[in-house]
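Each chain is listed here by its residues.
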Amino acid sequence: MTSFFGVPRAGVAWTGLIASYASSPEVARGYCEACGAQMFYQSTRWPDETHLYAASLDDPSAFQPEAHYHFAERVPWLGVGDELPKFEGSAEV
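In what follows, the accompanying structure is described. The structure displayed is predicted, hence computed values, not measured ones.

## Focus on the sheet that holds strand E5 (residues 49-53)
Inference 1: Read across the sheet, 5 strands follow the order E1-E5-E4-E3-E2 without closing on themselves; strand pairing throughout is antiparallel. Strands at the two margins of the open sheet, each flanked by one partner only, are strand E1 (4-8) and strand E2 (18-24). On average, each strand axis in the sheet is inclined to that of its neighbour by 30 degrees, with strand direction left out of account.
Inference 2: Relative to strand E3 (residues 27-32), E2 is paired through 6 bridges, and the arrangement is antiparallel. Note on E3: the bridge partner recorded for Tyr 21 is Arg 29.

See the structure below:
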């Protein structure tokens, strides 16, 4: 399980060695060239946004989720006990 948050693409600046992999024609996934850590997700569906991994933050607890997307794809042993909205699919439902 992972958590993403979207930010304006123009507001993202990298200070390390970041590489990008085109995992499909519409999607680029970024990672650190030095250690391989996943850093971002970009899609033509959201051309003005970069989605960052909450785990990449210095303090991931500063990230406050607003909803669960792709909830139908969760692993069966994952218990989610919050009251946030849960969407079976993507943010485009």
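## As for the pairing of E3
Inference 1: The turn joining E2 and E3, which pair antiparallel and follow one another in sequence, is formed by 2 residues.
Inference 2: As paired elements, E3 and strand E4 (residues 38-43) share 5 bridges and run antiparallel to each other. For Ala 28, the partnering residue across the bridge sits in E4 and is Gln 42.
Inference 3: The turn linking E3 back onto E4 is made up of 5 residues, and Gly 36 within it adopts a positive phi angle of 85 degrees.

## Details of unusual backbone geometry
Inference 1: Notably, His 70 is not glycine yet its phi reads approximately 55 degrees, a positive angle.
Inference 2: Considering the arrangement of structural elements, one finds His 70 in the segment after E5.

Conventions used here
Residues numbered from 1 in each chain as written. Predicted model: local features only at pLDDT ≥ 70, side-chain atom pairs only at ≥ 80, totals over all residues. Heavy atoms only, no water. Pairing = 2+ DSSP bridges. Helix = DSSP H or I, 4+ residues; strand = E, 2+ residues; numbered from the N terminus. Axes fitted to C-alpha atoms, helices over the stretch in contact; angles between N-to-C directions.

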